Structure formats: structure tokens, C-alpha cells
Amino acid sequence: MVYEAKTTLDACEDEEDQFSSAFSSEDENELSVKVVNGFDAEILEDILTIDQECFPSSWRYEDSRDYYKKMISDTTNMNILLTANEKNVGYLLAIPHNVALTELKDADSHMKEDLNRFYIETAAILPAFRGKNGLNIMLDKLAEQCKNRDISKLSMHARVYTGLSQKMQKMYVVTKMRRIQKWKYYNSQEPTDYLEVAL
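Thresholds applied
- Residues numbered from 1 in each chain as written.
- Predicted model: local features only at pLDDT ≥ 70, side-chain atom pairs only at ≥ 80, totals over all residues.
- Heavy atoms only, no water.
- Helix = DSSP H or I, 4+ residues; strand = E, 2+ residues; numbered from the N terminus.
- Buried < 20%, exposed > 50% of the residue type's maximum accessible area, 1.4 Å probe, protein only.
- Contact = heavy atoms within 4.5 Å.
- Areas by Shrake-Rupley, 256 points an atom, 1.4 Å probe, with all protein chains shown as cover.
- Axes fitted to C-alpha atoms, helices over the stretch in contact; angles between N-to-C directions.
- Parallel < 35°, antiparallel > 145°, perpendicular 65-115°, else oblique.
- Left-handed = near helix turned anticlockwise from the far one by under 90°.
- Core = buried A, V, L, I, M, F, W, Y, C linked by side-chain atoms within 4.5 Å.
- Salt bridge = Lys/Arg side-chain N within 4 Å of Asp/Glu carboxyl O.
- Expected span 1.5 Å × (residues − 1).

**Re the overall build of the chain**
Looking only at helices and strands, the chain features seven helices and eight strands. Every one of the 199 residues in the chain was classed for burial, and the buried ones make up 53%. Across the chain, every contact between residues at least 6 apart in sequence was considered, and the portion connecting residues at least 24 apart equals 74%. Accessible surface computed for the chain: about 9700 Å², of which carbon and sulfur atoms make up 45%.

Written out as C-alpha cells, the structure is:
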């Protein structure tokens with residue numbers, strides 16, 4: 001079965017910069033990350049819960065269980081969990097850029113091959129844990145994992161309406177950007193920004 005990359009880098013830190021100051025350093029310190037290194041049934045259930053609570057049903061995969069089982073079983077991918085007091089509250093998935101390119105060629109024909117790049121396929125944080133710097137924590141761990149694999153570049157389709165694209169542009173050195181006005185994976189109702197960034 002072939003899965004198309006959902007590219008929902010959006011259910012994370014809506015307007016995080018405005019709210020992060022409202023939380024104490026103690027609140028921020030309760031968040032940590034861990035890397036998933038292979039299939040784990042409990043982790044799969046947690047990822048499915050995060051997916052269901054963060055995305056509209058029309059944005060989710062028809063068979064999310066099989067999809068995420070495949071993603072966490074494939075150690076080529078980078079699967080990162082955000083935890084709070086030992087509870088998994090966020091998830092970030094990055095896949096090889098060329099895999100995403102193959103899956104997204106009908107939706108974005110301008111993507112080019114690049115063996116030294118990973119694509120952020122999805123990132124989500126449970127609503128109760130947003131605004132606590134969780135996205136930054138996951139992205140820092142992703143950068144560490146990329147460095148360990150000699151990967152120096154990322155790509156993504158970032159949602160515009162939530163301000164996430166702008167946030168990513170502030171965080172990284174953007175080497176390429178273009179806007180797609182009606183992104184297929186947002187039910188063709190919203191734009192997305194395709195970004196290529198250097199780590």
C-alpha cells in the first residue's frame with residue numbers, strides 16, 4: 001500500500017510566541033523528548049490519540065493505524081515523541097525527502113530530489129500542552145538526529161493560517177520558499193508554504 005505524505009505541519013504551537021511567557025520555567029521543564037527506535041504497540045496507540053485529537057477527520061489517513069505502524073517500524077524515518085510527566089503528548093515524523101517527493105509529486109511537482117534532506121511529514125501537540133515550547137523541543141531533537149546521520153537540510157509544507165510557516169522562517173535559514181494557494185491535504189481550502197531550510 002502506498003501512503004501519501006499528509007504534510008500537516010500545523011497542529012503544534014499556534015501563536016506560541018504570544019503565549020509561551022505565560023508559563024513558568026517549571027512548566028517548560030516538564031516537557032522532554034524521546035526518539036522512537038522501532039515498533040511499540042503502546043506508542044502507536046499514543047500517536048493515534050494525538051492524531052485524532054489534533055487533526056480534522058478529513059485530514060487523517062483512512063487507515064491511520066497501518067500508516068503509523070509502518071512509520072515507526074521503519075528506522076529510516078525519524079520519529080520523535082514529546083512527553084510530559086511520562087505521558088506522550090506530541091509527535092513529529094520526518095521522512096527522507098526523496099520518499100516525500102515520490103509521494104507528493106501530483107500535489108507539488110516542483111519538489112526536486114535531494115539525498116541529504118529530510119522532510120517533516122507531520123507534527124502535532126495535544127491542545128493542552130501547546131504554548132510550552134514543545135515544537136522547539138521536538139525540532140531541536142530532530143536537528144540532533146539529523147546531525148547524527150550527516151543530514152544538513154530539511155523540507156516541509158507549513159501551514160500559513162496558523163502562523164507556523166512564519167515561525168519556521170524565523171527559526172531557520174530558508175533557502176527556498178514558495179506558496180501553494182490551495183493545498184490538497186488541507187482539503188484545498190488553505191494555502192501552504194513549501195520551505196527548504198538549512199540546519
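Back to the text.
**Here we look at the packing of helix H3 (residues 41-54) against helix H4 (residues 64-73)**
Put simply, H3 and H4 touch, their axes get as near as 10 Å, and they point 125° apart. Here H3 is positioned oblique relative to H4, judged by the angle of their axes. Read as a crossing pair, H3 and H4 show a hand that is right-handed. For the pair H3 and H4, contact is made by Leu 44, Glu 45, Ile 47, Leu 48 and Asp 51 and by Ser 64, Arg 65, Tyr 68, Lys 69 and Ile 72, respectively.

**Side note on the environment of Thr 76**
Checked against the element boundaries, Thr 76 lands in the loop between H4 and strand S3 (78-84). With residues near it in sequence (within four places) discarded, Thr 76 still touches Pro 96, Phe 118 and Arg 149.

**Observations concerning helix H5 (residues 97-104)**
Counting buried residues in H5 gives six out of eight residues, a clear majority hidden from the surface. Turning to H5, its buried residues number three or more, namely His 97, Asn 98, Ala 100, Leu 101, Glu 103 and Leu 104. Buried-residue contacts for H5 involve strand S4 (87-96), strand S5 (117-125), strand S6 (153-159) and strand S8 (192-198).

**Concerning the nonpolar core**
Among the nonpolar cores identified, the biggest contains 58 residues, and Tyr 91, Leu 92, Leu 142 and Leu 154 are the most heavily contacted of them. Setting aside chain neighbours within four positions, we find Leu 154 in contact with Arg 117, Phe 118, Ile 120, Leu 142, Cys 146, Tyr 172, Leu 195, Glu 196, Val 197 and Leu 199.

**Description of unusual backbone geometry**
Not every positive phi belongs to a glycine, and Glu 86 is a case in point at roughly 75°. Counting through the fold element by element, Glu 86 comes out in the loop between S3 and S4. You can call Glu 86 exposed: its relative accessible area is 80%.

**Concerning the pattern of salt bridges**
For the structure on display, the rule yields nine salt bridges. A salt bridge links Asp 108 to Arg 178; the nearest nitrogen and oxygen atoms lie 3.0 Å apart. Placement of the pair is Asp 108 in the loop between H5 and S5 and Arg 178 in strand S7 (residues 173-180), with a sequence separation of 70 residues. Among the salt bridges present, the one from Arg 117 reaches Glu 196, with a minimum N-O distance of 3.4 Å. On the criterion of sequence distance, the pair formed by Arg 117 in strand S5 and Glu 196 in strand S8 is long-range, its members being 79 residues apart. Glu 196 carries the same exposure label as Arg 117, and that label is buried. A network of salt bridges, in which partner residues are shared, links Asp 114, Arg 117, Lys 153 and Glu 196.

**Brief notes about helix H6 (residues 134-148)**
For H6, which comprises 15 residues, the first-to-last C-alpha distance of 21 Å matches the rise-based estimate of 21 Å (1.5 Å per residue) to within 8%. Along H6, the residues classified as buried are Gly 134, Leu 135, Asn 136, Ile 137, Met 138, Leu 139, Lys 141, Leu 142, Gln 145 and Cys 146.

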